[in-house]
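Structural overview
Chain by chain, the residues:
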Amino acid sequence: MENIALIESFSEFKDDKFIDRVTLMAILEDVFRNALKKKFGSDDNFDIIINPDKGDLEIWRNRVVVEDGEVEEPNEEISLTEARKIEPDFEVGEDVSEEVKLIQLGRRAILALRQNLISKIHEHDNTTIYKQFKDLEGEIYTAEVHHIRHKVVILLDDEGNEIIMPKEKQIPADFFRKGDNVRGVIESVELKGNKPVIIMSRTAPAFLEQLFFQEIPEVFDGLITVKKVVRIPGEKAKVAVDSYDDRIDPVGACVGMKGSRIHGIVRELGNENIDVINWTSNPQLLVTRALSPARVSSVKLNDEKMTAQVYLRPEEVSKAIGRGGHNIRLAGQLTGYEIDVFREGVEEDVELTEFSDEIDAWIIEEFKKIGMDTARSVLEQDVDDLVKRTDLEEETIIEVVRILKEELAD
């Protein structure tokens, strides 16, 4: 096989892998030099000439002419008799350049060349893809569903790059079919071996933040800043926004008339309930706003322990806690404070942990999960509501209520 014929066969990779010709030629030279090292021990005295326009290649071996019988380094020296077979007028001490044909490397070496080239091109492609997607981390990306498995959805973009979306990165309400276009945020890109692993997420707070950039013009233009986003994917989210222009109402601009602007974002997130609040550097005011829609009477902060005691009227408590304790949990994440809710005007109350002799610890923990850590907080709720909001049986809740009532009646 002549050099140019082999190069033409190699060039098919250029079309398959979208690799530019100059890069392909650089990879080719590297591959051929490795082959020459294996065949001759060194490639230092070889010139490889590549023509990117024609796609051809020449290999020239440079040796010094020595007297017959004095050749010590066959790769670097050539006897006078052998030299004169190339050109009859060569003399001792002159340099000889001799073209090396690929056939001289041997059939096995040529097959190895081709395999090495494939490997190098794959490595180049993988590095390029890794860099491309590493720059896209935290950005929204759209890809098509290619394959659906039990714990992961495999997506392909327009260039055929594989993107993985694990089950835990999907919103609970998500339902995909093959061929669906899916939006998510590129959460992470890692090289495992030489292969880039690209992870897409629809549950990351960054996805909601980027949706604000896409859907709210004032956010895109920088007039409104998204300060912080916290989420319980598919259930509830809180987004704190701010504006440096006093003429702009950041909350109103993000929500829109009758929720018109935020409706598309809510729909994209499987009807996730989104609270948009005004950011403030005043921590007491931020805690108050974060507990929306509940109306807070007063807040006492302990900055050292990062705790907040929030006092509300009894009818506001359930709003502050929210369904499944979502509202108070997200408010804590948004503000950075551990929030404890207290009922205004109620003096006598007892921590549930005080009943550990009569009530199992895991039952107390179930109540704490929904923001109820005192006797009063439990007694003010309907039994039916507590059954729905906890994993406890009705009989268990009725028994807990009986124990609490007896204690507070004493």
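Everything below is about the structure printed above this text.
Residue positions are counted from 1 within each chain, in the order its sequence is given. Local features are withheld for residues below a pLDDT of 70 in this predicted model, meaning they are given only at 70 or higher, and side-chain atom pairs are given and counted only at 80 or more; totals for whole chains, interfaces and linings count all residues. Where side-chain values are given, they derive from all heavy atoms of the structure, hydrogens and water being excluded.

1. A short note on the nonpolar core
By nonpolar core we mean a set of buried residues, namely Ala, Val, Leu, Ile, Met, Phe, Trp, Tyr and Cys, connected to one another through side-chain atoms within 4.5 Å. In this scheme, a residue with accessible area under 20% of its type's maximum is buried, one over 50% is exposed, and one in between is partly exposed, where area comes from a 1.4 Å probe on protein chains only. Counting 43 residues, the largest nonpolar core has Val287, Leu291, Val310, Ile339, Ile359, Phe367 and Leu404 as the members making the most contacts within it. Only heavy atoms matter for contacts: two residues are in contact if any of them lie within 4.5 Å across the pair. Beyond its immediate chain neighbours, meaning those up to four positions away, Phe367 contacts Leu352, Met372, Val378, Leu386, Leu392, Ile397 and Val400. Counting residues in hydrophobic clusters, the runner-up holds 25 residues, among them Ile140, Val185, Leu211 and Val241.

2. Topic: unusual backbone geometry
The omega angle of the peptide bond from Ser292 to Pro293 is 15°, so this bond is cis rather than trans. Helix numbers and strand numbers start at the N terminus; a helix is a DSSP run of H or I with at least 4 residues, a strand a run of E with at least 2. Locating Pro293 in the fold gives a position in the loop between helix H10 (283-290) and strand E13 (296-302). If you check the backbone angles, Lys258 has positive phi at about 55° while not being a glycine. With respect to the helices and strands, the residue Lys258 is situated in the loop between helix H8 (250-255) and helix H9 (263-268). What makes Lys258 exposed here is its relative accessible area of 86%. A positive phi angle, close to 65°, is found at Asn271, a residue other than glycine. When you line up the elements, Asn271 lands in the loop between H9 and strand E12 (273-278). The exposed category is assigned to Asn271, whose relative accessible area is 59%.

3. A few points about H10
Every buried residue belonging to H10 is among Leu286, Val287 and Ala290, and all of these are buried. Viewed along the axis of H10, the buried residues span an arc of 100°, placing them on a single side of the element. Here the arc refers to the directions that run from the helix axis out to each C-beta atom.

4. Regarding the pairing of strand E6 (residues 152-156)
Among the five residues of E6, four are classified as buried, and the element is accordingly described as predominantly covered. Bridge count for strand E5 (residues 140-148) against E6 is four bridges, and the pairing is antiparallel. Residue Val145 lies in a different strand from E6, and its bridge partner there is Leu155. Whether two strands pair comes down to DSSP finding at least two bridges between them. Counting the residues that bridge the hairpin from E5 to E6 gives three residues. Here five bridges tie E6 to strand E7 (residues 162-166), and the two strands are oriented antiparallel to one another. Considered in E7, the bridge of Val153 is made with Met165.

5. Some points on the environment of Val230
One can find Val230 in strand E10 (residues 224-232). Residue class for Val230 comes out buried when judged on its relative accessible area of 7%. Setting aside its immediate chain neighbours within four residues, Val230 contacts Ala237, Lys238, Leu330, Gln333 and Leu334.

6. As for a negative patch on the surface
Patches in this entry comprise residues that are over 30% relatively accessible and not in a salt bridge; like charges within 9 Å are linked, as are nonpolar side chains (Val, Leu, Ile, Met, Phe, Trp, Tyr) within 5 Å. To measure how exposed things are, a 1.4 Å probe is used in the Shrake-Rupley method; for residues, cover is taken only from the protein chains shown. For this analysis, a salt bridge means a side-chain nitrogen from Lys or Arg found within 4 Å of a carboxyl oxygen belonging to Asp or Glu. His is not counted, nor are the chain ends; Lys and Arg add positive charge and Asp and Glu add negative charge. Charge positions come from single atoms, namely NZ of Lys, CZ of Arg, CG of Asp or CD of Glu. Together, Asp44, Glu67, Asp68, Glu70, Glu72, Glu73 and Glu76 make up a negatively charged patch on the protein surface. Note on placement: Asp44 falls in the loop between helix H3 (21-40) and strand E1 (46-51).

7. Examining the sheet that holds E12
In spatial order, the strands read E10-E11-E12; together these three strands make up an open sheet with mixed pairing. Two strands in the sheet have a free side with no partner beyond their single neighbour: E10 and E12. Neighbour-to-neighbour, the strand axes of this sheet turn through a mean angle of 20°, independent of strand direction. Pairing between strand E11 (residues 236-243) and E12: six bridges, direction parallel. Here an axis means a line fitted to C-alpha atoms, over the contact stretch when the element is a helix, while the angle between two N-to-C directions is reported on a 0 to 180 degree scale.

8. Considerations on the pattern of salt bridges
Counted by the stated rule, this structure contains 23 salt bridges. Across the pair Glu268 and Arg183 runs a salt bridge, and its minimum N-O distance is 3.0 Å. Taken as a pair, Glu268 in helix H9 and Arg183 in strand E8 (residues 181-192) lie far apart in primary sequence, 85 residues in all. A salt bridge links Arg402 to Glu406, with the shortest nitrogen-to-oxygen separation between them at 2.7 Å. On the criterion of helical spacing, the pair formed by Arg402 and Glu406 is a turn pair, its members being four residues apart in helix H16 (residues 394-409). Each of Asp174, Arg183, Arg202, Glu215 and Glu268 takes part in a single network of salt bridges with overlapping partners.

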